[in-house]
2 protein chains.
Amino acid sequence: MGHRLEPFFSPAGVVLVGATGDSAKLGYGVARNLAQGRFGGAVHYVNPAGGELFGRPVHRSLATVPDPVDLAVLLVPAAAVPDSLRACGERGIGSVVVESGGFRESGPEGSLLEDRCTTIARRFGIRMLGPNCMGTMDTHTGLDTTFLQPPGPVPGEVAFISHSGAICAAVIDWAAGRGFGISRLASLGNQADVTETEVLSVVAGDPHTRVVTLYLEGVADGRRLVEIASRIDKPVIALKVGRSAAGGRAVTSHTGALAGRGAAYSAAFRRAGIIEARTVEEMFDWAQALAWAPLPAGPGIAVLTNAGGPGVAAADALEAAGVGLAEISDQTRSRLAGMLPAAASLANPIDMLASASPERFAGCLAVLLDDPGVDGVLVVFPPPPMFPAEDVAGALVPVVDSSSKPVLVTLMGERSVGRAAAVLRAARIPDYPFPERAAGAFTTLAGRAGRRVRAVAAPLEGLKAGRVREILARARPGEWLPSGAVAEILTAYGIAVPAWRPADGVEAAVAAAERIGYPVALKVDSADLPHKSDVGGVRLGLADPGAVRAAYPALVGAVEAALPKARVRGVQVQAMADPGQDVILGSTSDPQFGPLVMFGSGGIEVEGLEDVGFALAPLTDADVGYLLESTWAGRRLTGYRSLPAADRGMVEQVLVRLAQLACDHPGIAEVEVNPLRVYAPGRGAVAVDARIKVTEAA
Amino acid sequence: MGHRLEPFFSPAGVVLVGATGDSAKLGYGVARNLAQGRFGGAVHYVNPAGGELFGRPVHRSLATVPDPVDLAVLLVPAAAVPDSLRACGERGIGSVVVESGGFRESGPEGSLLEDRCTTIARRFGIRMLGPNCMGTMDTHTGLDTTFLQPPGPVPGEVAFISHSGAICAAVIDWAAGRGFGISRLASLGNQADVTETEVLSVVAGDPHTRVVTLYLEGVADGRRLVEIASRIDKPVIALKVGRSAAGGRAVTSHTGALAGRGAAYSAAFRRAGIIEARTVEEMFDWAQALAWAPLPAGPGIAVLTNAGGPGVAAADALEAAGVGLAEISDQTRSRLAGMLPAAASLANPIDMLASASPERFAGCLAVLLDDPGVDGVLVVFPPPPMFPAEDVAGALVPVVDSSSKPVLVTLMGERSVGRAAAVLRAARIPDYPFPERAAGAFTTLAGRAGRRVRAVAAPLEGLKAGRVREILARARPGEWLPSGAVAEILTAYGIAVPAWRPADGVEAAVAAAERIGYPVALKVDSADLPHKSDVGGVRLGLADPGAVRAAYPALVGAVEAALPKARVRGVQVQAMADPGQDVILGSTSDPQFGPLVMFGSGGIEVEGLEDVGFALAPLTDADVGYLLESTWAGRRLTGYRSLPAADRGMVEQVLVRLAQLACDHPGIAEVEVNPLRVYAPGRGAVAVDARIKVTEAA
């Protein structure tokens, strides 16, 4: 695949179709950038009007463009794009950037035109980037197929791939302002053919790229993105916009309601090892650190400063982000004490006081980096009152260079620290204007250092998938399955349910209760009532036949009063479960990423407490660990104060089985076990209540 | 008070003691800044060596300095400061900035020296700023008593008051970089005399100051800060550093443990109407918006952009911050449709597409501001590909100027948007480089618009404070009160407790249970067991004498086994409370801010769930509202799905009473009611379990 995408960044020759000398047109901008940039390959122009442009002949048609030419850029009116694509195919050009607009983004007619383009591209085996995109850049080959105003980015190690073309100019600008270079840039446009995942793959293979950043508005094939990104060894940072507007689907379960807030993207990024940024600022702050600094070997960071307050702010931010502050050894303290005035603070953060000279900065940094308990240093300094900030920067550089530990700098200020920033950046030492942002970057380095790639476990054996398929085959699309079917499906996947029997009348309920043994619960069984307890459809703790006889009509009456149109199948008589720890588990199907598993604190209050986590199904060990560690529901399973420990191992089992169930059966839209009651270690867990929704007809 | 602090910013005449021509010394920097700045008053220098400096004579002593002189700046060796202070007093100078270091910050000897200075200052009625500070600036009087390198800040409307001197240079730099001016700046140093609260008061009174920013490392008198700040009508934004390191006290209750994380500062800021920033970047982002933009009349913000992705990111950020997106009216939509291409998006965010001209930006902005449902507009634009960004900025200015609604701009980029930024800033239109930061600023504007200043309610009547004082008078300092005393104290303040009786043996317990009525609970009563249930010290639901007889020895045995040294007073026999909603309430005493009330989800899991809020005692209506709205425990009191509503009014009552209890009795260190069981509306609430700790001996 890569060989036909590589020409988007390093072609042997490029032709611009739609080149023009009219500087008000975009085709002029691309012609200019191709001619005046550092691109060393062949550059050709095509325009039916012919003529000359930037010292080159303008060909009247693609047919007369000489070899080599393996990339075409189209900037012709939308209606002319299909013919131009065909001409590219006939000329044997396999890679085409379509920058013209007027396609899917402009309405139904544009969609039809886009489909025609895709068909033509497929027929000729053309890989098409766009349409409606801003083009590509490679600062190392010098290629610039965009129409953006010069100057372009300086060569560097951070790649940028974006669904938004409009943001590209700003990104180039920000990178220049922050002092780091770009390796490759790609604007994806409508993604009629080439997707973000393919571009990610080819950009990650570029030897000049050390970090890839992704600005995503949506994802074409979520599972494919996860698969490809998982195999990439370089850090990938993604920002997903449009999370809050993600809703829109009608959701009927807690799992679905809670998942509507971007949880699927976060789960997918976690699985794929993609670092998730919340803002563009974070994305580039982190990219700069990952591109330039080594990873810390452990979590102990020392803060070195000439200013108390900002040093404490840095420590606050590191602690808040979960990165530990290093314990400074006694030996290091006494070495520091020998270099610093008595009023200096030797605890972490180390405050050298405002009078610290460049030599003192360098000396203390060297001592700290020498301490085996220090895994990295965050130097925080506002402009020292008595020394130029660039002298401090200059003194730090050789110390940083001779260490294999990461050093990040918070250079507080703006105008007056420009020269100091330039000194640091020339030495590839990341600098940040605020301690909190440097702390965020350190957190990312530490997280990257601690990452472990784990494979999904092999599918479980002994699950009765055939039985589940039979039940689903009989179900109506979109329905909530009858209670009995739910119990059978969970049982088929090794998830325990309480003893139960169906009953369609008072005396049948009493008979069922006698067989099960008292006390029992009665639950209404209706496809129209996913939240039974909301309408009085559940009666608990019925201790004898009299209680069952009294409860049955009350239950049916309450349901009928609340929802007269609900189709009631009868009731389910169920053994009362013993007390234990309650958790909620669920699965839903995300349109981009497929089955998604939820775990957290359950009961009816799950949406209020929001103590939940999400992971893609099937689950890896790391996912299970995340679900149990990131929620209070999971953490308390090991016991807390007088709350005894519960069977955490069984919860892990049930999570994996539920995920497997969701993956094995696309016919299942949603599962919710609420609560799963967890008993003492070794005593297992039981799905006290559960519901399963069948997928709507396609 | 103000009249003696005002000379720190607008003196008639200032004298620098320690002026020197040696440019390596700080006294040179201050002399330079006083001479070369725009300060219009008298400037004098003192140095025993005499001579001339910056065209002025250097007096050999303060005695010969002519009138007017109402401010002195001292930059002499620490040991010489007491004599200089005395000379100031004798010369009749009432305001002195001590910039010299070598005092409390340098150890015990420095502390003694500082105390001597304070004594001298008091004797002469001198108000002293510092020692160990960076001085003051007033850009409108032109005074600059700092030794910071020029250029100083440009005149503006944002004041900056800081415990950290080191950060001042960076702040001046950042302000310049962000394009806003400073009105007054003060570095507080060791605060031996003048505190942040006094400086806040005088700075807020400055007519040029529209917004005050505070960089706090700690607070000298928390209650005083709250009192003064509450009366200030201008926006005050504070950043408190050192939150994570706040702990250190031994804490024994949930309330105390949870309060150790900066909760007192947040509660104090909320009460005082101080806006709390988490980073310096936020502080100045918000200050710029508050200084320049009008407040929105309602919560409906429209996002106008030429770029889909960043527009959506802005909408995400606004929604995440709880600011609503405006509903665009049909009329506005059709007006916009008439100005925009078909592919434009008329929903909020309004995406005009990348081709939008400056005129289109202006026209659409005017239409949006004209919509009564739009309370403000966030314009988001990366550099347009076909037009200079400054032309867009220029087109926006008259539209913004002619509207009374706030307009903030996200101008995406850095180098290439400099001229556009300058155009906006000249028109006092706040600009931000990222949509999320602009959204944060809008959130602050909306929050400020919605603020309501509420007084603390009058103290409740009919509380038996005398009875509580009697009980506390008999208690040992630092002890957990006996259960009976706890019940009596709560009852004295109108907080209901279950029927209870003490018992010191099995048969006494049975007799007590007979009087109370079954079922009962047994609870161990020990000063050494604040968490009774952790050690098996609670037995619930005992239904008859046999159950009590069996439970008593088991309970005592369990406690003795778990904590052999616990002093057990006996047991408390208590009526079992009916089921209801459980919440936790507590109070603790913060060293800076005094009594602090906690409310949230209770049970033993309170520290795991962290569903809690804090407010300063006594409580205002706004505080009670905050506690109930910011926690799930509070929100669910109005009912949720099948969970019936509970007596929210009684919870409000109990909160106010508990706060009053904590305020009335400094002898109470901590109170924790866990749980307060809340019954149906009108049915009240009962403190099922509670404990009270007596304040340690001073």
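Just so it is clear, the model here is predicted, and its values are computed rather than measured.

Things to note about the packing of helix H14 (residues 389-401) of chain A against helix H15 (residues 418-426) of chain A
Residues and elements named next belong to chain A.
Part 1 of the reasoning: Direction vectors running N to C along H14 and H15 enclose 15°, while the axes themselves pass 7 Å from each other. In terms of their interaxial angle, H14 and H15 are classed as roughly parallel. Crossing hand, H14 versus H15: right-handed. Counting all contacts with H14, which are made through Ala389, Glu390, Ala393, Gly394 and Val397, the residues of H15 involved are Arg419, Ala420, Val423 and Leu424.
Part 2 of the reasoning: A per-class count over the contact of H14 with H15 returns six nonpolar, one polar and two charged.

Quick look at the relation of the copies chain B and chain A
The operation relating the pair of chain copies consists of a rotation about an axis and a translation along that axis.
Part 1 of the reasoning: Laying chain B over chain A is done by rotating through 180° and shifting 0.1 Å along the axis; what remains is an RMSD of 0.2 Å. The transformation just described matches what one would write down for a two-fold rotation axis. Nearest to the rotation axis, the C-alpha of Leu609 of chain B is located 4.2 Å from it, this being the minimum over chain B.
Part 2 of the reasoning: When the interface residues of chain B are mapped onto chain A, 99% of them again fall at the interface, so both copies present the same face.

Details of the packing of aromatic side chains
All names here are of chain B.
Part 1 of the reasoning: The final tally for this structure, using the stated rule, is 16 aromatic pairs over all chains.
Part 2 of the reasoning: A ring pair is formed by Trp632 and Tyr640, whose centres lie 5.0 Å apart and whose planes are at 85°; its orientation type is edge-to-face.
Part 3 of the reasoning: What makes Trp632 buried here is its relative accessible area of 5%.
Part 4 of the reasoning: Stacked on the ring of Tyr265, the Lys or Arg Lys240 has its end atom at 4.7 Å from the ring centre.

Remarks on the pattern of salt bridges
Part 1 of the reasoning: Counted by the stated rule, this structure contains 62 salt bridges over all chains.
Part 2 of the reasoning: We note a salt bridge from Arg184 of chain B to Glu6 of chain B, for which the minimum N-O separation is 2.5 Å. With a gap of 178 residues between them, Arg184 of chain B in strand E11 (residues 182-187) and Glu6 of chain B in the loop between helix H1 (2-5) and strand E1 (13-17) connect regions that are remote in the sequence.
Part 3 of the reasoning: One salt bridge in this structure joins Glu282 of chain B and Arg278 of chain B, with 2.4 Å as the shortest N-O distance.
Part 4 of the reasoning: Its relative accessible area of 15% is what places Glu282 of chain B among the buried residues.
Part 5 of the reasoning: Through salt bridges that share partners, Arg178, Glu281, Asp285 and Arg437 of chain A together with Arg178, Glu281, Asp285 and Arg437 of chain B make up one connected network.

Let's talk about the sheet that holds strand E5 (residues 71-74) of chain A
The pairing of strands in a sheet happens through backbone hydrogen bonds and is either parallel or antiparallel.
All names here are of chain A.
Part 1 of the reasoning: Strand order across the open sheet formed by seven strands is E3-E4-E2-E1-E5-E6-E7, with mixed pairing between neighbours. Edge positions in the sheet fall to strand E3 (52-53) and strand E7 (127-129), since each of these pairs with one other strand and no more.
Part 2 of the reasoning: Bridging between strand E1 (residues 13-17) and strand E2 (residues 42-46) involves five bridges; their strand directions are parallel. Its bridge partner being in E2, Val14 is matched across the sheet by Val43.
Part 3 of the reasoning: On top of the sheet, helix H3 (residues 81-91) reaches E1, E5, strand E6 (95-98) and E7; it is set at about 170° to E5, its chief contact.

A word on the interface of chain B and chain A
Part 1 of the reasoning: Facing 71 residues of chain B, the contacting portion of chain A comprises 70 residues.
Part 2 of the reasoning: Note on chain B versus chain A: buried area summed over both sides is about 5500 Å², and carbon and sulfur give 58% of it.
Part 3 of the reasoning: At the junction of chain B and chain A, the tally comes to two salt bridges.
Part 4 of the reasoning: As a salt-bridge pair, Arg437 of chain B and Glu281 of chain A come within 2.9 Å of each other at their nearest N and O atoms.
Part 5 of the reasoning: If you look at where chain B meets chain A, you find 12 residue pairs in polar contact (both at pLDDT 80 or more).
Part 6 of the reasoning: At the level of secondary structure, the elements contributing two or more residues to the side of chain B that touches chain A comprise helix H5 (168-178), helix H10 (280-292), helix H11 (308-320), helix H16 (435-449), helix H21 (606-609) and helix H23 (632-635) of chain B.
Part 7 of the reasoning: With eight residues, the single largest contributor to the side of chain B that touches chain A is H11 of chain B.
Part 8 of the reasoning: Considering only residue class, the side of chain B that touches chain A consists of 34 nonpolar, 17 polar and 20 charged.

Thresholds applied
Residues numbered from 1 in each chain as written. Chains lettered and ligands numbered in written order. Predicted model: local features only at pLDDT ≥ 70, side-chain atom pairs only at ≥ 80, totals over all residues. Heavy atoms only, no water. Axes fitted to C-alpha atoms, helices over the stretch in contact; angles between N-to-C directions. Helix = DSSP H or I, 4+ residues; strand = E, 2+ residues; numbered from the N terminus. Parallel < 35°, antiparallel > 145°, perpendicular 65-115°, else oblique. Left-handed = near helix turned anticlockwise from the far one by under 90°. Contact = heavy atoms within 4.5 Å. Nonpolar A, V, L, I, M, F, W, Y, C, P; charged D, E, K, R; others polar. Least-squares fit on C-alpha atoms with pLDDT ≥ 70 in both. Phe/Tyr/Trp six-rings, centres within 6.5 Å; stacked < 30°, edge-to-face > 60°. Buried < 20%, exposed > 50% of the residue type's maximum accessible area, 1.4 Å probe, protein only. Lys NZ or Arg CZ within 6 Å of the ring centre and 35° of its normal. Salt bridge = Lys/Arg side-chain N within 4 Å of Asp/Glu carboxyl O. Pairing = 2+ DSSP bridges. Buried area = accessible area lost by both parts, 1.4 Å probe. Polar contact = N/O pair within 3.5 Å; in protein donor to acceptor, adjacent residues only side chain to side chain.

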